[in-house]
Amino acid sequence: MGVSWQPPLSLLLLLLVLPVLQVRATHPDCSVVLYFQEQEAECLEIIRNESQAPAPPEASGKEGCRTEWDGVSCWSAVPVGQSRAIACPDILHVFKKSKVLIQRNCTESGWSFPSPAYHNACELEALDSNNDTEAEASRSPRGCYFVTMKVLYTCGYSTSLAALFLAIGIFSCFRKLHCTRNSIHIHFFTSFVLRGTAVFIKDTVLFSDESIDHCTMSTVNCKAAITFFQYSVLANFYWLLVEGLYLQTLLLLTFTSDRRYIWWYILIGWGVPMVTVGVWVLTRLQYDNHGCWDDYTSLYWWVIKAPILLAIFVNFLIFLNVTRMLAQKIRSPDISKNYKQQYMRLTKSTLLLIPLFGVHYVVFALFPEHVGVDARLYFELVLGSYQGFLVALLYCFLNGEVQAEIKRNWGKWQSSMESNVFNLATQDFTA
């Protein structure tokens, strides 16, 4: 009956490249798309109710313009000859505050076109109005910024994975390095390997095909990718907690060689994240099974966030307690210089990692998601991608025990090679 108006493609493209990002995301936030989906659902519900309600007698012959969703706003029904005026969509940090009203008239042929047009009346905060295509948006300063961020964190995770695999190989191959402490380190390294792998899997599943709108994507593959990612993040934090717990145990039990605690550590490091993610998956399936489960604005996100904050808080307490015990033991005259050096060597790496890994997460958790977006991206993506490399460096490559074992085996291999060469030369000479 009326003229069905659709918003210009340039406006929709601009909305999809808005720089409103969430933590642990490298692509435009879906909150804008979800906002319009909710508005559309409410409008369609109004239209459905109007179509089912009987028309009043005085309205016979004067049907007018019915309620319509035009892709951006919901226009309530009005009689022919009247008009309706609305403001720009109220989306925080997307549209600038404007007093301009958009108007549509109800004519006998239906709704007129919006005047002024949306892209003229509603000015975006972050992007220039000449970014009319997705290609141009990617070439804009903000688009280049996101591309640069992705390159940086891809290089970071690749470097971390290479270092972590090498460190795991070193701890696994040399028998003299087999001990409870290094077994915990291997599990800790593995959690970083899972985290880096999960990031690459998530990007591949969600963002490899540009023709797919990841904001409305709701497949088993994407939900599984997000679930695996959340599990790897939780395991990462809980194995850091295990490192702190083990360090405190060493200080309390004075370098015990007892391995009976290792299974408790494994239960904490892998089991607690498994239970937490299982509860989160069941909760999402039951109460919030829409999209790809990557919307961090959902209340059910606290099922994941709360255990992480708890692990960081406990680690902070361990950090304070270990610092206190270490100061007492170093000052104690009953402890030999050799033991003091052992205490220092075992504690320096963990005491550095605990605040490094947890402080920024706590700080950002106290602020709304739209605050400090650039800083969040830098800490979570760029610096976070190199954490695995830092862990391998501190716990393995700079470890004096590891360096001594590598030098010893390298010397044995050189001696063996020289002996073999000498034997071959002797055989050739005698022959």
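Residues numbered from 1 in each chain as written. Predicted model: local features only at pLDDT ≥ 70, side-chain atom pairs only at ≥ 80, totals over all residues. Heavy atoms only, no water.

As annotated in an unreviewed UniProt entry, the chain carries the name VIPR1 protein and is attributed to Serilophus lunatus. According to its UniProt record, the chain has this under Sequence similarities (unreviewed entry): "Belongs to the G-protein coupled receptor 2 family." Under Subcellular location (unreviewed entry), UniProt gives the following word-for-word description of the chain: "Cell membrane". (UniProt positions renumbered as here; feature names shortened; annotations may be inferred.)

A. Spatial organisation of the overall build of the chain. When you go through the chain residue by residue, the secondary structure sums to 13 helices and 5 strands. Here the chain holds 431 residues, and 43% of them are scored as buried. When contacts within the chain are restricted to residue pairs at least 6 apart in sequence, long-range pairs at least 24 apart make up 73% of them. Accessible area of the chain: about 23,100 Å², with a carbon and sulfur share of 62%. (Helix = DSSP H or I, 4+ residues; strand = E, 2+ residues; numbered from the N terminus. Buried < 20%, exposed > 50% of the residue type's maximum accessible area, 1.4 Å probe, protein only. Contact = heavy atoms within 4.5 Å. Areas by Shrake-Rupley, 256 points an atom, 1.4 Å probe, with all protein chains shown as cover.)

B. Representation of the side chain of Asp 70. Within the secondary structure, Asp 70 is located in the loop between strand S1 (68-69) and strand S2 (74-75). Among the residues examined, Asp 70 registers a relative accessible area of 0% and is labelled buried. Polar contacts involving the side chain of Asp 70 include one to the main-chain amide nitrogen of Ser 73, which spans 2.8 Å. A polar side-chain atom of Asp 70 sits 2.7 Å from a polar atom in the side chain of Trp 75. (Polar contact = N/O pair within 3.5 Å; in protein donor to acceptor, adjacent residues only side chain to side chain.)

C. Representation of the sheet that holds strand S4 (residues 102-107) in the model. Ordered in space as S3-S4-S5, the 3 strands form an open sheet in which the pairing is antiparallel. At either end of the open sheet lies a strand with only one pairing partner, and these are strand S3 (83-86) and strand S5 (110-111). With 2 bridges joining them, S4 and S5 adopt antiparallel strand pairing. Across the sheet, Thr 107 pairs through a bridge with Gly 110, a residue of S5. (Pairing = 2+ DSSP bridges.)

D. A look at the pattern of salt bridges. In the structure shown here, the tally under the stated rule is 6 salt bridges. Salt-bridge contacts for Arg 104 lead to Glu 68; the nearest nitrogen and oxygen are separated by 3.1 Å. In this pair, Arg 104 is assigned in strand S4 and Glu 68 in strand S1, connecting sequence segments 36 residues apart. Here the two residues Arg 104 and Glu 68 agree in accessibility, since each one is buried. Shared partners join several salt bridges into a network, and the residues in it are Glu 68, Asp 70 and Arg 104. (Salt bridge = Lys/Arg side-chain N within 4 Å of Asp/Glu carboxyl O.)

E. Here's a closer look at a nonpolar patch on the surface. On the surface, a cluster of nonpolar side chains totalling about 500 Å² of accessible area is made up of Leu 310, Phe 313, Phe 316, Leu 317 and Leu 320. Relative to the helices and strands, Phe 313 resides in helix H9 (residues 302-331). (Patch = residues over 30% accessible without salt bridge, like charges linked within 9 Å, V, L, I, M, F, W, Y side chains within 5 Å.)

F. Layout of unusual backbone geometry. Following Ser 115, the chain continues into Pro 116 via a peptide bond in cis, with omega recorded as -5°. Secondary-structure assignment places Pro 116 in the loop between S5 and helix H3 (118-121).

G. The arrangement of the packing of aromatic side chains in detail. Tallying each qualifying case throughout the model produces 12 aromatic pairs. Here Tyr 157 and Phe 200 contribute two aromatic rings whose centre-to-centre distance is 6.2 Å and whose plane-to-plane angle is 75°, an arrangement assigned as edge-to-face. Of this pair, Tyr 157 sits in helix H5 (residues 141-173) while Phe 200 sits in helix H6 (residues 180-207), placing them 43 residues apart in sequence. Overall, Phe 200 belongs to the partly exposed group, its relative accessible area being 25%. Between Trp 280 and Trp 293, the ring centres sit 5.6 Å apart and the planes meet at 80°, which makes this aromatic pair edge-to-face. Here the residue Trp 280 occupies a position in helix H8 (residues 262-287), and Trp 293 occupies one in the loop between H8 and H9, the gap between them amounting to 13 residues. A single burial state applies to Trp 280 and to Trp 293, both of which are buried. Through successive ring pairs, a cluster of aromatic residues spans Tyr 153, Tyr 157 and Phe 200. The ring of Trp 75 has Arg 104 lying over it, and the distance from NZ or CZ to the ring centre is 5.3 Å. Here the guanidinium or amino end of Lys 202 rests over the ring plane of Phe 229, the centre of that ring lying 4.9 Å away. (Phe/Tyr/Trp six-rings, centres within 6.5 Å; stacked < 30°, edge-to-face > 60°. Lys NZ or Arg CZ within 6 Å of the ring centre and 35° of its normal.)

H. Region of the structure containing the pairing of S4. The alternating pattern of S4 places Ile 102, Arg 104 and Cys 106 on a buried face, while none of Gln 103, Asn 105 and Thr 107, on the opposite face, is buried. Here S3 runs beside S4; their pairing, made up of 4 bridges, is antiparallel. Across the sheet, Ile 86 pairs through a bridge with Ile 102, a residue of S4.

I. Spotlight on the packing of helix H7 (residues 220-253) against H8. Look at H7 against H8: their axes get within 8 Å of each other, and the N-to-C directions meet at 150°. Taken as axis vectors, H7 and H8 run roughly antiparallel relative to one another. Taken as a pair, H7 and H8 cross one another with a handedness that is right-handed. Class assignment of the residues belonging to the contact of H7 with H8 gives a composition of 20 nonpolar, 5 polar and no charged. (Axes fitted to C-alpha atoms, helices over the stretch in contact; angles between N-to-C directions. Parallel < 35°, antiparallel > 145°, perpendicular 65-115°, else oblique. Left-handed = near helix turned anticlockwise from the far one by under 90°. Nonpolar A, V, L, I, M, F, W, Y, C, P; charged D, E, K, R; others polar.)

J. Expanded view of H7. With 34 residues, H7 ought to run about 50 Å at 1.5 Å a step, and its terminal C-alpha atoms sit 47 Å apart, in line with that. Of all 34 residues that make up H7, 27 are buried, and the element is covered over most of its length. (Expected span 1.5 Å × (residues − 1).)

K. Focus on the side chain of Thr 283. Note that Thr 283 resides in helix H8. Beyond its immediate chain neighbours, meaning those up to four positions away, Thr 283 contacts Asp 288 and Tyr 300.

L. Inspection of the environment of Ile 168 at higher detail. In this structure, Ile 168 sits in helix H5. A C-alpha to C-alpha distance of 9.4 Å links Ile 168 and Asn 182, two positions 14 residues apart in sequence. Setting aside residues no more than four positions away along its own chain, Ile 168 makes contact with Ile 186, Phe 189, Thr 190 and Val 193.

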